[in-house]
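Summary of structural features
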Amino acid sequence: KFQSGQTFPPMATALSRGLGGFAPGRTPARLPGDLALRLPAGNDIVVQTHFHPSGKVETEAGKLGLYFAKMAPTRKIIPIQIPAMFGAGIGLRIPVGARDYNIEESFTLPVPTELISVSAHAHYLCRQAKLTAQIPNGKALVLLHIDDWDLDWQEQYRFKTPIVLPAGTVLTSELVY
């Protein structure tokens, strides 16, 4: 929930323009409650697909499905990606032959936030993915921890009930390659 006039950094704003992502094996999910993503009239929808080699001729038969809210949402969704652009934002460069190459980046929430879901995106070389929240009162929450990464786990993990995080909470993403 955001107060009028409060803003997120430009990267968060740019990422909030997308409608989301999908990876093979991911299950479609509707947003909870009165939440919705905005799709202004007249906009184009651009779909980017990634294909994995199977060693045989394949036929692509993807479909795009949209569902529309019955009324305008009362709250705004702001996606936060840590690290930005799947690591490109921090210059992800794994040295040849490196083992246990770790990248870590943090983001401090400027306003109280309701967290509805988490996900990880890290292709084949990743071995571990972890997201933690360090709350200003000193409490730490592990929001996501995959200790034996599998490409097929690029799922969006939605919480049964939103996790309320106060302003000043530090979200830290750790990826091990």
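Scroll up for the structure.
Residues numbered from 1 in each chain as written. Predicted model: local features only at pLDDT ≥ 70, side-chain atom pairs only at ≥ 80, totals over all residues. Heavy atoms only, no water.

As a further point, take the overall build of the protein chain. Check the secondary structure of the protein chain and you find one helix and six strands. In the protein chain, the succession of helices and strands from N to C terminus is α-β-β-β-β-β-β. Looking at the 177 residues of the protein chain, the share that counts as buried comes to 25%. Carbon and sulfur atoms make up 55% of the accessible area of the protein chain, which amounts to about 12600 Å² in all. (Helix = DSSP H or I, 4+ residues; strand = E, 2+ residues; numbered from the N terminus. Buried < 20%, exposed > 50% of the residue type's maximum accessible area, 1.4 Å probe, protein only. Areas by Shrake-Rupley, 256 points an atom, 1.4 Å probe, with all protein chains shown as cover.)

This part is about the sheet that holds strand 6 (residues 170-176). Reading across from one edge, 1-6-3-4 is the order of the four strands in this open sheet, with antiparallel pairing throughout. One side of each edge strand has no neighbouring strand; the edge strands of this open sheet are strand 1 (102-108) and strand 4 (140-146). Across the sheet, the mean angle from the axis of one strand to that of its neighbour is 15 degrees, orientation sign disregarded. Alignment of strand 3 (residues 128-134) against strand 4, held across six bridges, turns out to be antiparallel. Looking at strand 4, one finds that Thr132 is bridged to Val142. (Pairing = 2+ DSSP bridges. Axes fitted to C-alpha atoms, helices over the stretch in contact; angles between N-to-C directions.)

Right, let's get into the environment of Leu66. As for its position among the elements, Leu66 is in the loop between helix 1 (10-15) and strand 1. Along the chain, Leu66 and Arg30 lie 36 residues apart, while their C-alpha atoms are 9.8 Å from each other.

On to the pairing of strand 3. Sheet analysis places strand 3 next to strand 6, joined by seven bridges and oriented antiparallel. When the bridges of strand 6 are listed, Gln128 appears paired with Val176. Here strand 3 folds back onto strand 4 in antiparallel fashion, the turn holding five residues, of which Gly138 has a positive phi close to 100 degrees.

All right, on to a nonpolar patch on the surface then. Nonpolar side chains collect at one region of the surface, where Leu39, Ile45, Val47, Leu64, Leu66 and Phe68 lie side by side and expose about 580 Å² of accessible area between them. Mapped onto the elements of the fold, Val47 is located in the loop between helix 1 and strand 1. (Patch = residues over 30% accessible without salt bridge, like charges linked within 9 Å, V, L, I, M, F, W, Y side chains within 5 Å. Salt bridge = Lys/Arg side-chain N within 4 Å of Asp/Glu carboxyl O.)

Once that is clear, we can look at the environment of Leu131. Within the fold, Leu131 resides in strand 3. Along the backbone, Leu131 and Val142 are eleven residues apart, and their C-alpha atoms lie at a distance of 6.2 Å.

Quick look at the pattern of salt bridges now. Considering all chains together, one arrives at two salt bridges under this definition. Close ionic contact of Glu58 with Lys56 constitutes a salt bridge, the shortest N to O distance being 4.0 Å.

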